[in-house]
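Here is what each chain is made of, one letter per residue.
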Amino acid sequence: MKKALVRTDFNFPGQKSVYHGKVRDVYNINDELLVMVATDRISAFDVVLPEGIPYKGQMLNQITARFLDATADICPNWKLASPDPMVTVGVQCEGFPVEMIVRGYLCGSAWRAYKSGVREIYGVKLPEGMRENERFPEPIITPTTKAALGAHDEDISKEEILKQGLVSEADYAVLEKYTMELFLRGTQIAAERGLILVDTKYEFGHRDGQIFLIDEIHTPDSSRYFYKEGYEERFAKGEPQKQLSKEFVREWLMDNGFQGKEGQTVPEMTPAIVESISERYIELFEHITGTLFVKEDTDNLAARIEENVMEYLK
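Residues numbered from 1 in each chain as written. Predicted model: local features only at pLDDT ≥ 70, side-chain atom pairs only at ≥ 80, totals over all residues. Heavy atoms only, no water.

Caption draft 1: Expanded view of the layout of surface pockets. When its volume is computed, the second largest pocket comes out at roughly 230 Å³. Contributing to the lining of the second largest pocket are 15 residues, with Tyr-105, Arg-135, Pro-139, Phe-183 and Thr-187 lying nearest its centre. Within the residue set of the lining of the second largest pocket, elements represented by two or more residues are strand S9 (98-106), strand S12 (134-141), helix H4 (169-192) and strand S14 (195-207). The greatest single-element share of the lining of the second largest pocket, amounting to five residues, is contributed by H4. Looking at the lining of the second largest pocket residue by residue, the class counts come to 10 nonpolar, two polar and three charged. (1 Å grid on protein atoms, 1.4 Å probe; cavity = no way out; pocket = protein on both sides within 12 Å on 5 of 7 lines; lining within 4 Å. Points joined across faces, edges and corners; volume = space filled by probe spheres on them. Helix = DSSP H or I, 4+ residues; strand = E, 2+ residues; numbered from the N terminus. Nonpolar A, V, L, I, M, F, W, Y, C, P; charged D, E, K, R; others polar.)

Spelled out as structure tokens, the structure:
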């Protein structure tokens, strides 16, 4: 069985702190650089699952690096280099306390709200008579707050963001502009791969008066894709769409009685289950990027990462 990296504990030159997120470990170098390690941890329902998924970190990091490069003409981003297949090094920014979620289609939580009779979500009015997985006339932005560690993100409207002073009016206008342009580019790239970019999230930060795109972009962890082929036919028949996201992990958990609620236990992740999730992620990678996934050696992941990052920081 291939090895998975589920924990890192590096001590790089100039390191001031480390933040262990659900999936990424982020090392602060002199308040100037961030070394972001995409581990093989996997989370669902805000819970980190007990087994790592081989190659998942490599896939997420390489998808993000690819899309950051492919959108750098739209807005500045934090990436400086990717010295290891599982690492991105970039400029440290102060993150805005909101996530910009953009939706091109009515599905997921937005559909659940709509089905219950809600016609305005996050301050955005929705037309009557829409159906699940239907394309919006224009993409809509439905922000959430960026919650503190251990808390849940919460839906919020643009008006409330400005009223609370979470983001200035001038900065929010830039965030909206970047969000829509990034989503359009992501939609175009997805279409070339036979995919539909359904919804995604972007995070932004600022440094020295400039706004940067930060964190991941257009990965299966942060985005939902449909297959373009058969979309219209399935929609006409009211059938579920064929998806490309980590929704299959959530479905496996739900089928086995787990939704992250108190008292529930994560089902056993056998080697066969872990391998099947890894294979599905490879399928996601190859569809999203249009390239074959090249598996890096997993024997000494931590040692390889440390060596490559140290070499870069010199």
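Caption draft 2: Quick look at the pattern of salt bridges. Going through the model one piece at a time under the given rule, you end up with 25 salt bridges. The closest approach of N and O atoms between Arg-24 and Glu-216, which form a salt bridge, is 3.1 Å. Taken together, the residues Arg-24 in strand S2 (residues 24-29) and Glu-216 in the loop between strand S15 (210-214) and strand S16 (223-227) connect sequence positions 192 residues apart. When sorted by exposure, Arg-24 lands in the same class as Glu-216, which is buried. With a shortest N-O distance of 2.8 Å, Arg-207 and Glu-32 are connected by a salt bridge. Placement of the pair is Arg-207 in strand S14 and Glu-32 in the loop between S2 and strand S3 (33-38), with a sequence separation of 175 residues. Residues joined by salt bridges that share partners form a network here, namely Glu-99, Lys-146, Lys-201, Glu-203 and Asp-215. (Salt bridge = Lys/Arg side-chain N within 4 Å of Asp/Glu carboxyl O. Buried < 20%, exposed > 50% of the residue type's maximum accessible area, 1.4 Å probe, protein only.)

Caption draft 3: Fine view of unusual backbone geometry. In the Ramachandran plot, Asn-133 falls in the positive-phi region, its phi being about 70° despite a non-glycine side chain. As for its placement among the helices and strands, Asn-133 is situated in the loop between strand S11 (124-125) and S12. Overall, the relative accessible area of 8% leaves Asn-133 in the buried class. Look at Asp-215: it is not a glycine, yet its phi comes out positive at around 65°. When you line up the elements, Asp-215 lands in the loop between S15 and S16. What makes Asp-215 buried here is its relative accessible area of 15%.

Caption draft 4: Layout of the state of the cysteines. Scanning all chains against the criterion turns up zero disulfides. Here Cys-93 is not disulfide-linked; the sulfur of Cys-75 is the nearest cysteine sulfur, at 11 Å. A relative accessible area of 15% means that Cys-93 is categorised as buried. (Disulfide = S-S within 2.5 Å.)

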